[in-house]
Structures are given as structure tokens and as C-alpha cells.
Amino acid sequence: MTIVEEIRKLQAARKAIILAHNYQPAEIQELADFTGDSLELARKAAGVSEEVVVFCGVHFMAETAAILNPNKTVLLPTPDAGCPMADMITGEQLRDLKAKHPGAKVLCYVNSTAEIKAESDCCVTSSNAVAVARSFTADQKIIFVPDQHLGSWTAEQLGRSFILWPGFCPTHARMTDRQIALAREAHPGAPVLVHPECPKGVRDVADQVLSTGGMCRYVKGRTEPVFLIGTETGIIHRLQKENPEKQFYPILESAVCPNMKKTTLEKVLWSLKENQTVVRVEEPIASRARKSIEAMLAV
Ligand code: 13P
Ligand code: SF4
């Protein structure tokens with residue numbers, strides 16, 4: 001029996017669904033029942049009927065699934081897969097920031113810990129940050145944590161300014177406008193799509209700023225044969241699979257999130273076999289964090 005067959009057998013026995021983020025290794029995306037961006041995964045996790053959710057991604061994603069499914073077993077095959085951006089703000093730091101700006105509403109990127117979500121008014125992902133922020137009145141003061149880049153991009157789209165926390169994604173922060181210029185030289189006429197976690201200098205010279213799910217939707221409707229992709233390179237597997245007639249080149253070949261790449265078929269098998277590692281969020285944090293996630297899903 002191959003390892004994939006073994007996983008399938010255990011998956012059926014345990015009534016499990018396997019979810020994967022767009023940045024996961026190709027073989028994990030192929031194994032998953034559903035692969036998507038953070039918003040698509042949160043929506044999927046909110047409606048699962050299976051008893052077990054195997055989350056191939058990083059810790060905050062499994063935590064979100066656990067918050068939305070307190071009575072199900074959520075397994076993270078890679079307990080050491082964190083998100084450095086999510087760890088760039090603590091609950092205490094956010095409480096201090098809120099105390100400095102009384103009356104401000106807190107928007108938190110879903111790339112955050114359960115404690116940060118619990119301290120926030122509403123979560124956002126890179127797909128819906130603009131729509132969520134627009135649902136607050138223009139005179140409402142907004143604190144945006146932890147990603148300064150998604151925060152500043154969202155504020156720019158609305159012609160507003162937010163109180164930003166200086167967090168960032170180390171993988172996206174390594175991209176530069178110079179790399180885009182070189183990629184354009186190598187592939188003239190190819191549209192440049194970048195993620196809003198990229199710094200402003202990169203976003204400003206791109207053609208489109210999109211979440212990973214947004215990139216997939218955008219490319220489907222276009223006729224250009226080549227696209228330049230400014231985000232974690234895992235998305236290229238999905239783009240290529242869904243658009244075999246088009247070509248995709250990364251802006252930065254080494255834009256690889258080491259945590260997203262920790263998942264292996266062996267770890268997924270281990271996870272189902274040993275029921276490891278269960279991700280659970282304790283009360284009262286879970287209920288408070290759920291409110292923020294549900295507020296986002298309602299927009
Ligand atoms: P999206 O898939 O929502 O674009 O998020 C990117 C990301 O960095 C997740 O960690
Ligand atoms: Fe975190 Fe960046 Fe990795 Fe996404 S790509 S999980 S934001 S470190």
C-alpha cells in the first residue's frame with residue numbers, strides 16, 4: 001500500500017477531512033480534500049460535517065478551525081509550524097495599544113493567535129480586509145494588527161489611515177521592486193500579481209495586489225500567457241494546475257515559508273494514526289475569538 005492509500009484508509013475510518021493552504025507542498029495540496037486561501041479555509045472549516053479536521057497549514061489556521069468547531073477534533077500534523085507574524089504581537093501589547101486609543105475598533109489579520117482574536121472586534125483575511133474595514137464608518141478610529149503591510153494597503157484602498165502594528169511576514173518582506181523590474185525584463189508584458197503582505201514599494205510597482213485565492217480567480221479570467229507571482233511559491237502549483245495553458249514565474253524563487261513547508265505525507269499519516277497534535281482553544285478565549293471570526297464571516 002502506498003502512503004497516500006494508507007492515509008485514505010485511515011481518513012475514511014476516522015471520518016476526517018483534510019484541508020490545506022495554498023502555500024502547502026504540492027503533494028499535500030494533491031492529497032487535500034480542499035485547498036484554499038485563509039478565507040476559503042475559514043469558511044470551509046465553519047461548515048465541516050466530518051468528525052476530524054486535519055489541517056495542513058500553520059498553527060493559527062488550525063486554531064481558527066478549532067475555534068469554529070469546538071466539538072470536533074482538529075489535528076495539526078506539524079505542531080512546530082507557527083507563523084512568525086502571528087507571534088509579533090502579544091495579548092498584553094494589544095491591550096496596551098487599546099488603552100492608548102480608547103474607542104478605536106480593532107481589526108486583526110487572521111494570521112494572529114486566538115488571544116489576539118479575542119481582544120479584537122473583527123478578523124480579516126487578505127481577501128476581505130477592504131470590505132470588512134469599509135463596514136466601519138469613515139470617522140471610526142481603527143487599530144490594525146499585526147501586519148503593517150496588509151494594514152497600510154487596506155487603509156490606502158479606503159483613503160484612510162489606521163493605527164498600525166509593526167508586524168510583517170518574513171517571507172513577503174524579502175521581496176523588492178528591483179526583483180519585479182528584473183522579472184519584467186525577463187518576461188515583458190506579463191502581469192505582476194503580488195500579495196498585500198508585500199511592502200509598499202513592491203505593491204506600488206505591481207499590476208494587481210491580491211490574496212492567494214484572488215490570484216487564482218484573477219488568472220482564470222485573463223488571456224495573457226505568462227504571469228509573474230509575488231507571494232509564497234506554493235501557490236504556483238495550484239495556478240499551474242488550474243491553468244495548464246499559462247505559465248507562472250515567481251518574482252522571488254526563494255519566497256518559501258519554512259513553516260508551511262513542514263507538512264509531509266508521513267506527518268499526515270502519523271497525525272491520523274496517533275491523533276496528533278490536537279489543537280484546542282480554551283474558554284473564555286475561544287468564545288471571544290469566535291465572535292471576531294464570525295463577525296468577519298458575516299461581512
Ligand atoms: P491568503 O491565502 O489568505 O492570501 O494568506 C496568505 C498567508 O500568508 C497565509 O499565511
Ligand atoms: Fe506567516 Fe508569512 Fe508563512 Fe503566511 S507565509 S504563514 S504570513 S510567515
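Chains are numbered independently. Their residues run from 1 in the order of the written sequence. Chain letters start at A and ligand numbers start at 1, both assigned in the order the entries are written. The predicted origin of the model limits local features to residues at a pLDDT of at least 70 and limits the giving and counting of side-chain atom pairs to 80 or more, whereas totals for whole chains, interfaces and linings rest on all residues. The basis for the side-chain values is all heavy atoms of the structure; hydrogens and waters are excluded.

Caption draft 1: Just the overall build of the protein chain, in detail. Each helix and strand in the protein chain was counted, giving 14 helices and 12 strands. Note that the radius of gyration is over C-alpha atoms, with the globule rule given as 2.2 Å times the number of residues to the power 0.38. Its C-alpha atoms give the protein chain a radius of gyration of 19 Å, near enough to 19 Å, the size a compact globule of 299 residues would have. Dimensions along the principal axes, computed over C-alpha positions, put the protein chain at roughly 55 × 50 × 30 Å. Taken over 299 residues, the protein chain has a buried fraction of 57%. Long-range contacts, defined as pairs at least 24 residues apart, comprise 62% of the intrachain contacts of the protein chain with a sequence gap of at least 6. Within the structure as shown, the protein chain displays about 12,500 Å² of accessible surface, and the carbon and sulfur contribution to it stands at 52%. In this tally, Lys and Arg are treated as positive and Asp and Glu as negative; His is ignored, and so are the chain termini. Charge coordinates come from a single atom per side chain, which is NZ of Lys, CZ of Arg, CG of Asp or CD of Glu. Charge-centre separation for the protein chain: the mean point of 34 positive side chains lies 3 Å from the mean point of 35 negative side chains. Going along the chain from the N terminus, every DSSP run of H or I of four or more residues is numbered as a helix, and every run of E of two or more is numbered as a strand. To sort residues, take the accessible area from a 1.4 Å probe on protein chains only and compare it with the maximum for the residue type: under 20% means buried, over 50% means exposed, and anything in between is partly exposed. In what follows, residue pairs with any heavy atoms lying within 4.5 Å of each other are defined as contacts. Under the convention used here, a 1.4 Å probe and the Shrake-Rupley method define accessible areas, while residue burial counts only the protein chains that appear.

Caption draft 2: How the structure looks around the site of ligand 2. Every residue near ligand 2 is listed here: Tyr23, Val58, Cys83, Pro84, Asn111, Cys169, Glu197, Cys257 and Met260. Throughout, the protein atoms alone are placed on a 1 Å grid, and a set of points is a cavity if a 1.4 Å probe fits but cannot get out or a pocket if it is open with protein on both sides within 12 Å along at least five of seven lines; lining residues have an atom within 4 Å of a point. Any molecule with more than half of its atoms within 2 Å of a cavity's or pocket's grid points is counted as sitting in it. One can see that ligand 2 is located within the largest pocket. The class makeup of the residues in the shell around ligand 2 is seven nonpolar, one polar and one charged. For each residue, the test is whether any non-hydrogen atom lies within 4 Å of the molecule or strand; if one does, the residue is near. Under the convention adopted here, Pro, Cys and the residues Ala, Val, Leu, Ile, Met, Phe, Trp and Tyr are nonpolar, Asp, Glu, Lys and Arg are charged, and Gly plus all remaining residues are polar.

What is shown is where atoms sit, not what they do.
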